[in-house]
Every structure is written in structure tokens, then in C-alpha cells.
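# Geometric and topological summary
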Amino acid sequence: MDADDPDLSVAEFVDYCRTQAGLLSGSARTLTAEAEELLDEVDDLLETLRERVDAAGPGGTERPDSPTATPPEPTASDETVEDLEREVEHKQSLVEAKQARIAAFNDLAAAYEELADELAETVTDGHEALQRVVAFEADRDAPAYFPERQTVLEAAREEETDDDRTD
């Protein structure tokens, strides 16, 4: 990402921004699917919880099916109502965290799209486009969203570090 490179083109930065937006949108879709799976698990847990509460009846103990039947002895694998409640709360907090991440990914994807449009419409110099993308990614901590992909910001910082070593 040499700032003195005459081959920097605005179109490449526009494509880069659109690619980043697409990757973020894909990550948001993946997170949405994961959140939906967790919500299904929460629904299943709530149904089990309702069944346990209904079986306990108003007195809080298992109701026998007939007056002479005795309730089954709890086994080590039976979850208590409290355990189920804790698990529901835990999964709900995971869903909330995923929803927050989904919103953040979608927001950044939209911002990349806006930047791409802005670059395409108002910027004619590749160096200016580079500076705008670097500033954009720095302001939004974009590298945190791409752990397995180098951003323009990271490449620019790496280039800067390499230049410092050769000076």
C-alpha cells in the first residue's frame, strides 16, 4: 500500500469496500442463524420448564397420575427447575450478545457501502481514496471485524512500520 504508488485506483477501493460489506453481511447472516438455533433451544427449555412446573402442581410436588401412584424418584440426570431457569437465562444472554454483534456487523457493512458510494461519486485520486479508507477503518476499529483478513488499515500500518525500519 505504498502511498507513492501511481497505480492506486479509486475503483479498487470501491470494490474493496463493497467486498468488506459483503463479508460483514455474510457474518451477520451466520450469526443470525446461530441466534435462531439458540432461540429454538430456549423454546425447548421453556417447554420442559413448563412441563415441570405443571407436573409439580399448586403444592410444588409432583402430582401422581392416580391417587395410588407415587412420583418417580429424581435421577441425577433430571434437571431441577432452577437449573433449567439458569440455562434459559444463559442462552438468552448469548442470544442478546449475538444480536448486538449482528447489529454491529450490519452497521459496519452499511457504512462500508456508503463509503464505496462516496468514493465512487466524489473521489478521483487513488491516494485520497486510500487515505479515506484508512481513516474510516481506524475510526470504526474495522480490523476487529476481520480476524482472518487483513484490512487496508492494517496493510497501511504494516507498510508504515516497514518504512520506519528502513529509515
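Counting from 1, residues in each chain are numbered in the order their sequence is written. Given that the model is predicted, a residue must reach a pLDDT of at least 70 before its local features are reported, and side-chain atom pairs must reach 80 or more before they are shown or counted; all residues, however, enter totals for whole chains, interfaces and linings. The side-chain quantities take in all heavy atoms of the structure and omit both hydrogens and water.

### A few points about the nonpolar core
- In this structure, Phe13, Cys17, Leu24, Tyr112, Leu119 and Val133 are the most contacted members of the largest nonpolar core, which totals 28 residues.
- Excluding residues within four positions of it along the chain, Leu24 makes contact with Phe105, Leu108, Ala109, Tyr112, Tyr145 and Phe146.
- The next biggest cluster of nonpolar side chains, apart from the first, holds five residues, and it includes Leu45, Leu49, Leu84 and Val88. Take the buried Ala, Val, Leu, Ile, Met, Phe, Trp, Tyr and Cys residues and link them wherever side-chain atoms come within 4.5 Å; each set so joined is a nonpolar core. For every residue, the accessible area (1.4 Å probe, protein chains only) is compared with the maximum for its type, and the residue is labelled buried under 20%, exposed over 50%, or partly exposed between those bounds. Working rule for contacts: check all heavy atoms of both residues, and any pair within 4.5 Å makes them a contact.

### Quick look at helix α3 (residues 126-139)
- Segments assigned H or I by DSSP are reported as helices when at least four residues long, segments assigned E as strands when at least two residues long, and all are numbered from the N terminus. One less than the number of residues in a helix, times 1.5 Å, gives the span that helix is expected to have. Compared with the 20 Å implied by 1.5 Å per residue over 14 residues, the 20 Å span of α3 between its first and last C-alpha is a close match.
- Asp141 sits one or two residues past α3 and shows a positive phi near 50°.

### What to know about the side chain of Glu137
- On the secondary structure map, Glu137 appears in helix α3.
- For the charge count, each Lys or Arg is scored as positive and each Asp or Glu as negative, with His and the chain ends excluded. When a carboxyl oxygen of Asp or Glu lies within 4 Å of a side-chain nitrogen of Lys or Arg, that pair is called a salt bridge. The side chain of Glu137 sits in the buried core without any salt bridge; Arg149 is the nearest counter-charge, 7.8 Å away.
- Think of a polar contact as two N or O atoms within 3.5 Å of one another; within protein, one of them needs to be a possible hydrogen donor and the other a possible acceptor, and neighboring residues in sequence only count if both atoms come from side chains. A polar contact of 2.5 Å, which involves the side chain of Glu137, links it to the side chain of Tyr112.
- In this structure, Glu137 is in contact with Tyr16, Gln20, Tyr112, Ala142, Pro143, Thr151, Val152 and Leu153, ignoring residues within four places of it in sequence.

### Looking at the pattern of salt bridges
- In total, this model carries eight salt bridges according to the counting rule given.
- For Glu113, the salt bridge identified is with Arg18, shortest N-O distance 3.4 Å. Note that Glu113 is positioned in helix α2 (residues 81-122) and Arg18 in helix α1 (residues 10-56), a separation of 95 residues in sequence.
- On the basis of relative accessible area, Arg18 is assigned to the partly exposed category, the value being 34%.

### With respect to the packing of aromatic side chains
- Two aromatic rings, drawn from Phe, Tyr or Trp (for Trp, its six-membered ring), form a pair once their centres lie within 6.5 Å of each other, and the interplanar angle then sorts them: stacked below 30 degrees, edge-to-face above 60, tilted otherwise. For the structure shown, the criterion picks out four aromatic pairs.
- Considering the side-chain rings of Tyr16 and Tyr112, the 6.4 Å spacing of their centres and the 80° angle between planes classify their relative orientation as edge-to-face. Placement of the pair is Tyr16 in helix α1 and Tyr112 in helix α2, with a sequence separation of 96 residues.
- Under the relative-accessibility criterion, Tyr16 is labelled buried at 12%.

### Considering the side chain of Gln20
- Among the structural elements, Gln20 can be located in helix α1.
- Residues within four places of Gln20 in sequence aside, it is in contact with Tyr112, Glu137, Phe146, Arg149 and Thr151.

### Observations concerning a negative patch on the surface
- Together, Glu36, Glu37, Asp40, Asp43 and Asp44 line one region of the surface with negative charge.
- Secondary-structure assignment places Asp40 in helix α1.
- Asp40 gets classed as partly exposed once you look at its relative accessible area, which sits at 47%. Patches draw on residues past 30% relative accessible area with no salt bridge. Two like charges within 9 Å are joined, as are two nonpolar side chains (Val, Leu, Ile, Met, Phe, Trp, Tyr) within 5 Å. Surface accessibility in these figures is a Shrake-Rupley result with a 1.4 Å probe; residues are shielded only by whichever protein chains are displayed. In plain terms, the charge of a residue is placed at NZ if it is Lys, CZ if Arg, CG if Asp and CD if Glu.

### Structural notes on the packing of α1 against α2
- All axes are obtained by fitting lines to C-alpha atoms, using only the stretch in contact for helices, and the reported angles, taken between N-to-C directions, cover 0 to 180 degrees. Taken N-terminus to C-terminus, the directions of α1 and α2 make an angle of 165°; their axes are 8 Å apart at the nearest point. Here α1 lies roughly antiparallel to α2, going by the angle between them. Note that α1 runs across α2; the crossing there is left-handed.
- The residue classification treats Ala, Val, Leu, Ile, Met, Phe, Trp, Tyr, Cys and Pro as nonpolar and Asp, Glu, Lys and Arg as charged. All others, Gly included, are polar. For the contact of α1 with α2, the class distribution of residues is 30 nonpolar, seven polar and eleven charged. Here the angle decides the label: under 35 degrees means roughly parallel, over 145 means roughly antiparallel, 65 to 115 means roughly perpendicular, and every other value means oblique. Crossing handedness is defined as follows: a turn of the near helix away from the far one that is anticlockwise and smaller than a right angle gives a left-handed crossing, while the clockwise case is right-handed.

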